[in-house]
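Summary of the model geometry
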Amino acid sequence: MARVSFQTLPGTRDLLPPASDRMRALVQAFAAEAEQAGFGQIVPPMFEDLGVFTRLGEATDVVKKELYAFEDMGGRKQALRPEFTASVCRAYAQHRPLTPWKTWYAGPAFRQEKPQKGRYRQFDQVGAEVIGSHDPDLDVELIALAWRFYQRVGLTNITLLLNTLGDKAERPAYLAALQDHFNANLDSLSEKSRETLAINPLRVLDSKRPPDQPLIEAAPKILDFLSEDAAKAFERVKAGLDTLGVAYEVAPRLVRGLDYYTRTTFEFVGSGLDAAQNAVGGGGRYDGLVADLGGPDEPGVGFALGVDRTLLALDAEDAFPAADCQPQVFLVCTTGGFEAMVASDELRRAGLRVDRSFDHRSMKAQMKAANRSNAQVAVIIGPDEAENGTVSIRPLDDRPQFSTGRSEMTEKVKEQFLS
RNA sequence: GUGGUCGUAGCUCAGUUGGUUAGAGCAUCAGGUUGUGAUCCUGAGGGUCGGGGGUUCGAAUCCCCUCGAUCACCCCA
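Residues numbered from 1 in each chain as written. Chains lettered and ligands numbered in written order. Predicted model: local features only at pLDDT ≥ 70, side-chain atom pairs only at ≥ 80, totals over all residues. Heavy atoms only, no water.

1. Regarding the domain arrangement of chain A
- Parsing chain A into structural domains produces domain 1 (19-166 + 228-316), domain 2 (171-225) and domain 3 (329-417).
- Each of domain 1 and domain 2 was reduced to a C-alpha centroid, and the two centroids are 25 Å apart.
- Listed as interface residues are 18 residues of domain 1 and, on the opposing side, 12 residues of domain 2.
- At the boundary of domain 1 with domain 2, total buried surface from both sides reaches about 1200 Å², with 56% on carbon and sulfur atoms.
- Its largest share of buried area at the contact with domain 2, domain 1 owes to Pro252, Arg253 and Val255, together 47% of the area lost on that side.
- One can count two residue pairs in polar contact (both at pLDDT 80 or more) joining domain 1 with domain 2.
- Mapped by element, the contributors of at least two residues to the side of domain 1 that touches domain 2 are helix H3 (61-64) and strand S7 (158-164).
- Looking at the side of domain 1 that touches domain 2 residue by residue, the classes come out as seven nonpolar, six polar and five charged. (Domains from an automatic or database assignment. Contact = heavy atoms within 4.5 Å. Buried area = accessible area lost by both parts, 1.4 Å probe. Polar contact = N/O pair within 3.5 Å; in protein donor to acceptor, adjacent residues only side chain to side chain. Helix = DSSP H or I, 4+ residues; strand = E, 2+ residues; numbered from the N terminus. Nonpolar A, V, L, I, M, F, W, Y, C, P; charged D, E, K, R; others polar.)

Now the structure itself:
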């Protein structure tokens, strides 16, 4: 009576072929790109001490209301990671590898939000971080890494937005100027933005609410407040991108959701996406975060790309089709013996992708299965073949079927794939 | 968390103003004589119409609740 039926929780889903193959291929493409650039992989745990993540900014939504926090049996407060950067910084502080420490990662992150298109509670990211250098050339190298990755997978409708948020030192003056500007025009600011203003004036710039736009346009720009060092670094980043031919757009109002950013910030926006979630990736510098997590005062810079959103953007361009993991050879066997088992094992050891059917189905049914599997070749073993020590090799296109000795099977099958 | 739309077979959907055993296409399975796929023909299986309650002689159809999906706001990958 009480018929139980379970399904995936809101914001989570099962990835089945071919979607799962496609995602894995995307991650592999990123891994290849990152490792070519000298990044090594880090695999941090999916949950950490709660404090690791609350350092991301007490005022951010990610920490305030989206964290999957819980306690272990001993009452230790912990949380599922909402992103990787904090874990990477923690890992640096814990292990103190040589700097600059270049590392890449891939895996799921968790945020408790209302799901919608391109937004899941468990979502996958790939990303890269560098700890231990102030060199703006690393900012460039990271942006270029993301950019080359997009090129590699065939994503073209993508815009790189670039900004700098200056150093911690000049931030107060800028924040004060922003406060003054918005306070002077409080009436024309939306209610939401007024709330945001009280918490973090920077993020008011991020509002997409139409009534706020004129005021945001008129707001003071961080570029006018930069220290000489920060300004020089920003120039170096832009020049570097120019040199590599990476197109970007300076977006003075680009602020990002996490509070830890300093200097360079950037975001990749999918222009082909009609969804509200058009940010497919983003990152920036976070000088000070490592120290916040109990490490030495080492600077850091990095980015994360949303795997699902990248895939969505690729969909919009009909690019990056699912990888082919279908069998090449299908074994049809009606003897009831072990012939199919042995033959498919042999072909697999020879490096071929091989499948067969089970449950002793009729030859007709097995041939249908062979056809449906999209294998190029069927190998048929019936009582006659078994008796004569032969197999029948039937290409599943127009080529003719032929018979060959059982001992030559693997060789003859492989020949089918040479042309 | 707030709001809009939606929820009928594995998939895509149809179901007229509430009226008899809820349909189609695709898919699946089995046949179309002796061991051979994609086409074609025939047939079969498969749904407590998301779940619960209510109105009614009668509900997939009307009302309420609930769960889920989806889109948007917020925020972000």
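The discussion continues.
2. Considerations on the pattern of salt bridges
- For the structure on display, the rule yields 18 salt bridges.
- Salt-bridge contacts for Arg236 lead to Asp137; the nearest nitrogen and oxygen are separated by 2.7 Å. Placement of Arg236 in helix H10 (residues 228-244) and of Asp137 in helix H5 (residues 136-153) is noted, with a sequence separation of 99 residues between them.
- Residue Asp137 is classed as partly exposed on the basis of its relative accessible area of 31%.
- A salt bridge links Arg399 to Asp397, with the nearest nitrogen and oxygen atoms 3.3 Å apart.
- Judged by its relative accessible area of 31%, Arg399 falls in the partly exposed class. (Salt bridge = Lys/Arg side-chain N within 4 Å of Asp/Glu carboxyl O. Buried < 20%, exposed > 50% of the residue type's maximum accessible area, 1.4 Å probe, protein only.)

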